[in-house]
Amino acid sequence: EEKQSGKERVFVDLRGGGSLGMENIAGSGYGYATGLELFIADRFSASFRFSNGLISLATPDFNSRLRSENIQVSGTDSVSANYFSFSSGFAYYFFKGGEISLGASAAIVAKKLSGSLFEAPVYPAAAVELFAWYQVFPGVDVGALGRFEYAKISQISISGSNVIFSSSKSANEVAFMAAVRFAVL
């Protein structure tokens, strides 16, 4: 395994899964991501990742979560938004043995939501992740990841009107993903 880890220092991964908003203005949804992971030391890596997906929240729930704001969204459907994000961070592998490796990562995220009713500016978020990888072939791993993303939104755009909140609203999410990664260098 030492020879292998010496050669395979860069991975490209593909991941997909679902997310849940946690009693805030974030909705539930699904998404996918692709990224690059570069090992910079035996147990440390840096990552760069792009994500895309959809979140949705029933309009009555969205209105109730706005709390103390003068704005209400009309209708009985869902408030939906596509999202696009870029993240960069570091991971630490606290266990690497045989075919299995376990670790945790932290990242800074720049996220953009857009949709017909709901739009937010690009906003920063912080994310922490726990992950497990299993090597199925040399240079090919499958994995499972749990992620928590912490974010605040200070404004939205509804039907072209910009609404600035009296206080920032929570947009925290928890997500679960399955992934596959390939060694490229």
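Structural notes, computed from the coordinates. (Residues numbered from 1 in each chain as written. Predicted model: local features only at pLDDT ≥ 70, side-chain atom pairs only at ≥ 80, totals over all residues. Heavy atoms only, no water.)

Re the nonpolar core
So, point 1. Grouped together as the largest cluster of nonpolar side chains are 24 residues, with contacts concentrated most on F62, L113, F118, Y123, I153, I156 and F165.
So, point 2. Counting only elements with at least two residues in this core, the list comes to β3 (44-58), α2 (59-66), β4 (78-97), β5 (100-114), β6 (120-137), β7 (140-158) and β8 (161-170).
So, point 3. Ranked by size, the runner-up nonpolar core spans 9 residues in total, among them Y93, W133, M177 and A179. (Core = buried A, V, L, I, M, F, W, Y, C linked by side-chain atoms within 4.5 Å. Buried < 20%, exposed > 50% of the residue type's maximum accessible area, 1.4 Å probe, protein only. Helix = DSSP H or I, 4+ residues; strand = E, 2+ residues; numbered from the N terminus.)

Comments concerning the side chain of S47
So, point 1. Relative to the helices and strands, S47 is located in strand β3.
So, point 2. Those residues in contact with S47 that sit more than four places away from it in its chain are L36, E37, S87, S88 and G89. (Contact = heavy atoms within 4.5 Å.)

Regarding α2
So, point 1. Along α2, the positions that sit buried rather than exposed are T59, F62, N63, R65 and L66. What you see down the axis of α2 is that its buried residues fit within an arc of 165°, all on one side.
So, point 2. Buried positions along α2 lie against β3, β4, β7 and β8. (Arc of directions from axis to C-beta.)

A look at the packing of aromatic side chains
The geometry of an aromatic ring pair is captured by two quantities: the separation of the ring centres and the angle between the planes.
So, point 1. Scanning the entire structure with this criterion turns up 6 aromatic pairs.
So, point 2. Ring centres of F39 and Y93 lie 5.2 Å apart, and the angle between their planes is 40°; this geometry places the pair in the tilted category. With F39 in strand β2 (residues 28-39) and Y93 in strand β4, this residue pair connects regions lying 54 residues apart in the sequence.
So, point 3. On the basis of relative accessibility, which here comes to 1%, the residue Y93 falls in the buried class.
So, point 4. Ring geometry for F44 and Y92: centres 5.0 Å apart, planes at 45°, overall tilted. Here the residue F44 occupies a position in strand β3, and Y92 occupies one in strand β4, the gap between them amounting to 48 residues.
So, point 5. Using a relative accessible area of 36% as the deciding quantity, one classes Y92 as partly exposed.
So, point 6. By way of ring pairs, the aromatic residues F11, F39, Y93 and F131 are connected into one cluster. (Phe/Tyr/Trp six-rings, centres within 6.5 Å; stacked < 30°, edge-to-face > 60°.)

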